[in-house]
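# Secondary and tertiary structure notes
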Amino acid sequence: MTWRAEIDPKRCMASGMCATIAPELFVLGERVSRPVSEEIAANETALDAADCCPALAITVYDEGGDVIGPRP
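Conventions used here
- Residues numbered from 1 in each chain as written.
- Predicted model: local features only at pLDDT ≥ 70, side-chain atom pairs only at ≥ 80, totals over all residues.
- Heavy atoms only, no water.
- Core = buried A, V, L, I, M, F, W, Y, C linked by side-chain atoms within 4.5 Å.
- Buried < 20%, exposed > 50% of the residue type's maximum accessible area, 1.4 Å probe, protein only.
- Helix = DSSP H or I, 4+ residues; strand = E, 2+ residues; numbered from the N terminus.
- Contact = heavy atoms within 4.5 Å.
- Pairing = 2+ DSSP bridges.
- Axes fitted to C-alpha atoms, helices over the stretch in contact; angles between N-to-C directions.

Below, the discussion takes up the nonpolar core. Counting 18 residues, the largest nonpolar core has Ile7, Phe26, Ile58 and Val60 as the members making the most contacts within it. Per-element accounting of this core gives the leading share, four residues, to helix H2 (residues 44–52). Dropping the residues within four chain positions of it, Phe26 is found in contact with Ala5, Ile7, Cys18, Ala19, Arg34, Pro35, Val36, Ala49 and Ile58.

Here it is in structure tokens:
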């Protein structure tokens, strides 16, 4: 099962939380973070990163395209 993680560059404040929580999934750039790859293996850590993002800039989608993170 694969998921897709996106970071909204207009919301991202480059706090680095995602890259700290999931360095295998996210990398911190000069101005914003970005996913390491477009598709990721289904991974609870991706949801944790989305949940912890202070700007709520990370959205995680399941295989069907439904939003599964951040969690309410």
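What follows deals with unusual backbone geometry. Pro70 follows Gly69 through a cis peptide bond whose omega is 5 degrees. Positive phi is not limited to glycine here, since Ala14 has a value of about 55 degrees. Along the chain, Ala14 turns up in the loop between strand E1 (2–7) and helix H1 (17–21). Residues other than glycine seldom take positive phi values, yet Leu56 does so here, at roughly 50 degrees. One can find Leu56 in the loop between H2 and strand E5 (58–61).

You can see Thr2 is positioned in strand E1. Between the C-alpha atom of Thr2 and that of Glu38, which follows or precedes it by 36 residues, the distance is 10 Å. Once residues within four sequence positions are removed from consideration, Thr2 is found in contact with Glu39, Ile40, Ala42, Asp62 and Glu63.

Pairing in this open sheet of four strands is antiparallel, and the strands run E4-E1-E5-E6 from one edge to the other. Of all strands in the sheet, those with a lone pairing partner are strand E4 (39–41) and strand E6 (67–69), marking the two edges. Taking the axes of each pair of neighbouring strands and ignoring which way they run, one obtains an average angle of 40 degrees across the sheet. For E1 and E4, the ladder comprises three bridges, and the chain directions are antiparallel. The residue of E4 that forms the bridge with Trp3 is Ile40.

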